[in-house]
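Now for the letters of each chain:
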Amino acid sequence: MTAATTISARNNRGTATEGRSPEELRELVSHWGAELELAPAEDIIEWAVATFGKRFCVTSSMGDAVLADIASKVAPGVDVVFLDTGYHFVETIGTRDAVAATLPVNLLTITPVQTVAQQDATYGKDLYKTDPDLCCKLRKVQPLSDGLAEYDAWATGLRRAETHNRVIAPVIGWDAKKGKVKVSPLARWTDEQVERYIADSGVLVNPLVYDGYPSIGCWPCTRRVAPGEDPRSGRWAGTNKTECGIHS
């Protein structure tokens, strides 16, 4: 296992070899998207590692370690990227640290260019209240885009069952904004499949999940969800906002 590393988003360039052109990447998506649509998650990750090598990474918000666990079994030492917004619950940071300590992965933590204090000084205190879209852009969307610069493809834990907005999320897709292949090995998984994998494999789970937080984001914009409520209803409650922008 390698030690966890924290890096500023704009400095995450590394020494990776030059990647494929956007045209080549789109061609891969066109060819393999349908081919892998019904494939097991392990096979999808195996394809991504074989195709992109070091220019492939797994991202995790640390709600659980299902995707990181599967990837670590298929490709020990794989890069697992975590975005630390500066607003995470302590339980989320603890889950990240536990993943770094127990799984054979290379845990990389990406941070925004500005600290929370610097952002407050520039835009005013609690930007998440006054302009949540801008806050997400500064602390999530742009840092992740910068942090993924050295990769041609990234894997997400996106699942169609989580929200109606994600129902058409492809297993292998093209992220036009980032200019990268977006791999969603768990896209077809149901809640029951996730729970079964966690139980069977003893996967790490953020303790907040068992405390009424089925969808975990930044603490100022996440609340508990009552039994029977939409799992995503605890995110940006009381607003029309449903996504941070990473997957749009």
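Just so you know, these numbers come straight off a predicted model, no measurement behind them. (Residues numbered from 1 in each chain as written. Predicted model: local features only at pLDDT ≥ 70, side-chain atom pairs only at ≥ 80, totals over all residues. Heavy atoms only, no water.)

Student: Whenever I open this one, the packing of aromatic side chains confuses me. Can you help?
Tutor: One pass over the full model with this rule turns up 7 aromatic pairs. Geometrically, the ring pair formed by Trp32 and Trp47 is tilted, given 5.9 Å between the ring centres and 45 degrees between the ring planes. One end of the pair, Trp32, is in helix α1 (residues 22–35); the other, Trp47, is in helix α2 (residues 41–52), and 15 residues separate them in sequence. Under the relative-accessibility criterion, Trp32 is labelled partly exposed at 27%. Note on Trp47: relative accessible area 9%, which makes it buried. (Phe/Tyr/Trp six-rings, centres within 6.5 Å; stacked < 30°, edge-to-face > 60°. Helix = DSSP H or I, 4+ residues; strand = E, 2+ residues; numbered from the N terminus. Buried < 20%, exposed > 50% of the residue type's maximum accessible area, 1.4 Å probe, protein only.)

Student: How should I be thinking about the environment of Val225 in this particular structure?
Tutor: Among the structural elements, Val225 can be located in the segment after α8 (191–201). Ignoring sequence-local partners within four residues, the contact set of Val225 consists of Gly212, Pro214, Asp230, Pro231, Ser233 and Gly234. (Contact = heavy atoms within 4.5 Å.)

Student: Even after reading the chapter, I still don't get the pattern of salt bridges, so can you show me in this structure?
Tutor: Overall, the coordinates contain 10 salt bridges when judged by the stated rule. A salt bridge links Lys125 to Asp126; its shortest N-O distance comes to 3.8 Å. For Lys125, a relative accessible area of 62% corresponds to the exposed category. In this structure, Asp211 engages Arg224 in a salt bridge whose closest nitrogen and oxygen atoms are separated by 2.8 Å. Taken together, the residues span a long stretch of sequence, with Asp211 in the segment after α8 and Arg224 in the segment after α8 at a distance of 13 residues. For Arg224, a relative accessible area of 46% corresponds to the partly exposed category. One salt-bridge network, in which partners are shared between bridges, spans Lys125, Asp126 and Lys129. (Salt bridge = Lys/Arg side-chain N within 4 Å of Asp/Glu carboxyl O.)

Student: Looking at this structure, I do not really get helix α3 (residues 66–74). What am I missing?
Tutor: Residues lying three or four places apart along an α-helix face the same way, a consequence of the helix completing one turn every 3.6 residues. The buried fraction of α3 amounts to 7 of the 9 residues, a majority that puts the element mostly inside the structure. Within α3 the residues assigned to the buried category are Val66, Leu67, Ala68, Asp69, Ile70, Ala71 and Ser72. In the core, the buried residues of α3 are packed alongside α2, β2 (56–59), β3 (79–83), β5 (153–155) and α8.

Student: Looking at this structure, how should I read the side chain of Arg139?
Tutor: For Arg139, the location among the structural elements is in helix α7 (residues 132–147). Within polar-contact distance, the side chain of Arg139 engages the backbone oxygen of Thr85 at 2.5 Å. Apart from residues lying up to four places away in sequence, Arg139 is in contact with Leu83, Thr85, Tyr87, Pro112, Gln114, Thr115, Val116 and Gln119. (Polar contact = N/O pair within 3.5 Å; in protein donor to acceptor, adjacent residues only side chain to side chain.)

Student: Just to check I follow, could you spell out the confidence of the model for the protein for this structure?
Tutor: Taken as a whole, the protein shows an average pLDDT of 88; of its residues, 86% reach a score of 70 or greater. Confidence, expressed as mean pLDDT per element, reaches its minimum in the protein at strand β1 (residues 5–8) with 45 and its maximum at β2 with 98. Here residues 6–16 scores under 50 on pLDDT; set against residues more than four positions off or in separate chains, the count is 28 contacts. (pLDDT = per-residue confidence, 0-100.)

Student: I keep staring at the environment of Val90 and nothing clicks. Help me out?
Tutor: Secondary-structure assignment places Val90 in helix α4 (residues 90–102). A residue is classified by how much of its surface remains accessible, and Val90, at 66% relative accessible area, is exposed. Taking the C-alpha atoms as reference points, Val90 and Trp219, 129 residues apart in sequence, are found 9.3 Å from one another.

Student: How should the packing of α3 against α8 be read in this particular structure?
Tutor: If you want to describe how two helices pack, look at the angle between their axes and the distance between the axes. Where α3 contacts α8, the axes come no closer than 11 Å and their chain directions differ by 60 degrees. Relative to α8, the element α3 is oriented oblique. Where α3 crosses over α8, the handedness of that crossing is left-handed. Between α3 and α8, the contacting residues are Val66, Asp69, Ile70 and Lys73 on the first element and Val194, Tyr197, Ile198 and Ser201 on the second. Here the contact of α3 with α8 is composed, by residue class, of 5 nonpolar, 1 polar and 2 charged. (Axes fitted to C-alpha atoms, helices over the stretch in contact; angles between N-to-C directions. Parallel < 35°, antiparallel > 145°, perpendicular 65-115°, else oblique. Left-handed = near helix turned anticlockwise from the far one by under 90°. Nonpolar A, V, L, I, M, F, W, Y, C, P; charged D, E, K, R; others polar.)

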